[in-house]
Amino acid sequence: MENNSINVLILGSGGREHAIAWKIKQSRFLNKLFVAPGNSGTSNIATNIDIKISNYNSIKTIILENKINVLIIGPEDPLVDGLHNMCKNDKEIEHVIIIGPKKEGAMLEGSKYFAKKFMQQNQIPTAKYKKFEAQNINPAKSYLKTMSPPYVIKLDGLAAGKGVFICEHIKEANSVLDDLAINSKFGKAGETIVIEEFLKGIEMSVFILTNGSSYKILPVAKDYKRIGENDTGLNTGGMGAVSPVPFMN
């Protein structure tokens, strides 16, 4: 591999994509770096291209026009929608190296229920849970009565990091269920609901890159999601993250 030989396209517009772009910019193998649509931070280190990342034809055009060798897909939505599969099934761009799972692998992120079933089937420890449909919320309310607080209510689908509710009281939990059933503000993501037992502890994220036969473990990250001071309030898409985690041994 020659120095300055690789053109990279990163899809996304958040802090995650900025961090990835910042690190890739340091590579001696990099020729040109593009981020679509990017943000003000990425514009300082890469070329931003303003497109909708749900538009496959726009992505394909960028890949062809800029002779892209590596495509990094940041957000979950295009992965769950099968962007990796579409690129690999397209003769014109099938040669591009893609970082991000195919649709089948992305189901682990795209469906909480699928992920829970997967963990059970493969003996991966996970909290007890049960699945319910939002259009028939009464069985979910009955299930809450069999549990001890806090109550964990999750939307099955993608909700930009805002699909988890941790409720201290059953009245609050019932109110969340009513809101999901009546208002449908999360659309398709909220049609199916997963209720879990609460596990006390510190949440960590461990990232692994794999090609299916070998793998690389990346540093552990600690995500801070709740909007209020001292880890209180509703979940957000992320109020910041720290990596490596200083207290992780």
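Look up: the structure comes first, before these words.
In this text, all values refer to a predicted model and were calculated from it rather than measured experimentally. (Residues numbered from 1 in each chain as written. Predicted model: local features only at pLDDT ≥ 70, side-chain atom pairs only at ≥ 80, totals over all residues. Heavy atoms only, no water.)

Asks: Would you explain the sheet that holds strand 5 (residues 97-99) in this entry?
Replies: Working definition: the strands of a sheet are paired by backbone hydrogen bonds and lie parallel or antiparallel to each other. Spatially, 3-2-1-4-5 is the arrangement adopted by the five strands of the open sheet, whose pairing is parallel. Here the strands that pair on one side only, and so sit at the sheet edges, are strand 3 (47-48) and strand 5. The sheet contact formed by strand 4 (residues 70-73) and strand 5 spans three bridges and is parallel. The residue of strand 5 that forms the bridge with Ile72 is Ile99. Its contacts with the sheet put helix 1 (residues 15-24) on strand 1 (6-12), strand 2 (30-37) and strand 4, and the angle it makes with strand 1 is roughly 170°. (Pairing = 2+ DSSP bridges. Helix = DSSP H or I, 4+ residues; strand = E, 2+ residues; numbered from the N terminus. Contact = heavy atoms within 4.5 Å. Axes fitted to C-alpha atoms, helices over the stretch in contact; angles between N-to-C directions.)

Asks: Please clarify how a nonpolar patch on the surface should be interpreted in this entry.
Replies: A surface patch of nonpolar side chains, amounting to about 420 Å² of accessible area, comprises Ile97, Ile99, Phe207, Leu209 and Leu218. Secondary-structure assignment places Phe207 in the loop between strand 9 (192-197) and strand 10 (208-210). A relative accessible area of 43% means that Phe207 is categorised as partly exposed. (Patch = residues over 30% accessible without salt bridge, like charges linked within 9 Å, V, L, I, M, F, W, Y side chains within 5 Å. Areas by Shrake-Rupley, 256 points an atom, 1.4 Å probe, with all protein chains shown as cover. Salt bridge = Lys/Arg side-chain N within 4 Å of Asp/Glu carboxyl O. Buried < 20%, exposed > 50% of the residue type's maximum accessible area, 1.4 Å probe, protein only.)

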